[in-house]
Amino acid sequence: MAEILILGAGGFGTALAIMCAQNGHDVTLYSPFQQEIETLSAAREHKKPGVKIPETVRMVWELPQTVGAPLVIVATPSFAVRGVCASIKGRIGRDTVVTCVSKGFETGTLKTLSQVICEELPETASSSFPALPMPRRLRAASRRRLSPRRAAARLRNLCKTR
């Protein structure tokens, strides 16, 4: 299956990591905060009780020099999107697909998050990329109420409109 790097170990990033791992993908979950990764790694559970993180999900607080994952998912708060994209600049390949599940606008500039990502990662193959709408709750996502099939259908519909 696919190798996926998820940037952001908050509620939705963790839910995506769980769903992707349960569907057989090779998942790495990243947070720049060492303490957060150490806590999640030790407990194998998110802050929300009952949301178990599979053993197959790798968790890191340092990024490798070269990111080999063909799919990178940005799942940070909007204020952190520019910084996390800057951290992978020059580390990803031209064919890497970067998608964003973050919501909102960049603080100060009011740019859309897709604009921010395209500014920070101009070396990616295209300046447009798919964005996935996120479910309202971590528990719903991690329990597959947003099924992979529904998420894929949403992604296909979004890509058709671009």
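For the structure, check the block above.
Since we're looking at a predicted model, the values are computed, not measured.

Engineer: Describe the sheet that holds strand β5 (residues 97–100), with residues and values.
Structural biologist: Strand order in the open sheet formed by 5 strands is β3-β2-β1-β4-β5, and the pairing between neighbours is parallel. The sheet is open, and its two edges are formed by β3 (58–60) and β5, each paired on a single side. The sheet shows a mean angle of 20° between the axes of neighbouring strands, direction not considered. Bridge count for strand β1 (residues 3–7) against strand β2 (residues 26–30) is 5 bridges, and the pairing is parallel. Bridge pairing in β2 links Leu7 to Tyr30. Sheet strands touched by helix α2 (residues 34–43): β2 and β3. Its angle to β3, the strand with the most contacts, is close to 160°.

Engineer: Just give me the short version of the nonpolar core, but keep the residues and values in it.
Structural biologist: Ranked by internal contacts, the top residues of the largest apolar core, which has 21 residues, are Ile6, Val27, Leu29, Val57 and Met59. At the level of secondary structure, the elements contributing two or more residues to this core comprise β1, α1 (11–22), β2 and α2. Sequence-distant contacts of Leu29, defined by excluding residues within four places in its chain, comprise Ile6, Gly8, Ala9, Gly13, Thr14, Ala17, Ile37, Val57, Arg58, Met59 and Val60. Counting residues in each nonpolar core, the second largest holds 19 residues, with Tyr30, Val67, Cys85 and Val98 among its members.

Engineer: Lay out the pattern of salt bridges in plain terms, naming residues and giving numbers.
Structural biologist: Summed over the entire model, instances satisfying the criterion amount to 7 salt bridges. As a salt-bridge pair, Glu106 and Arg82 come within 2.6 Å of each other at their nearest N and O atoms. A residue pair is termed long-range when its members are at least 10 positions apart, and Glu106 in the loop between β5 and α4 (113–120) and Arg82 in helix α3 (residues 81–88) qualify at 24 residues. With its nearest N and O atoms 2.9 Å apart, the salt bridge here joins Glu120 to Arg82.

Quick notes on the rules
Residues numbered from 1 in each chain as written. Predicted model: local features only at pLDDT ≥ 70, side-chain atom pairs only at ≥ 80, totals over all residues. Heavy atoms only, no water. Pairing = 2+ DSSP bridges. Helix = DSSP H or I, 4+ residues; strand = E, 2+ residues; numbered from the N terminus. Axes fitted to C-alpha atoms, helices over the stretch in contact; angles between N-to-C directions. Contact = heavy atoms within 4.5 Å. Core = buried A, V, L, I, M, F, W, Y, C linked by side-chain atoms within 4.5 Å. Buried < 20%, exposed > 50% of the residue type's maximum accessible area, 1.4 Å probe, protein only. Salt bridge = Lys/Arg side-chain N within 4 Å of Asp/Glu carboxyl O.

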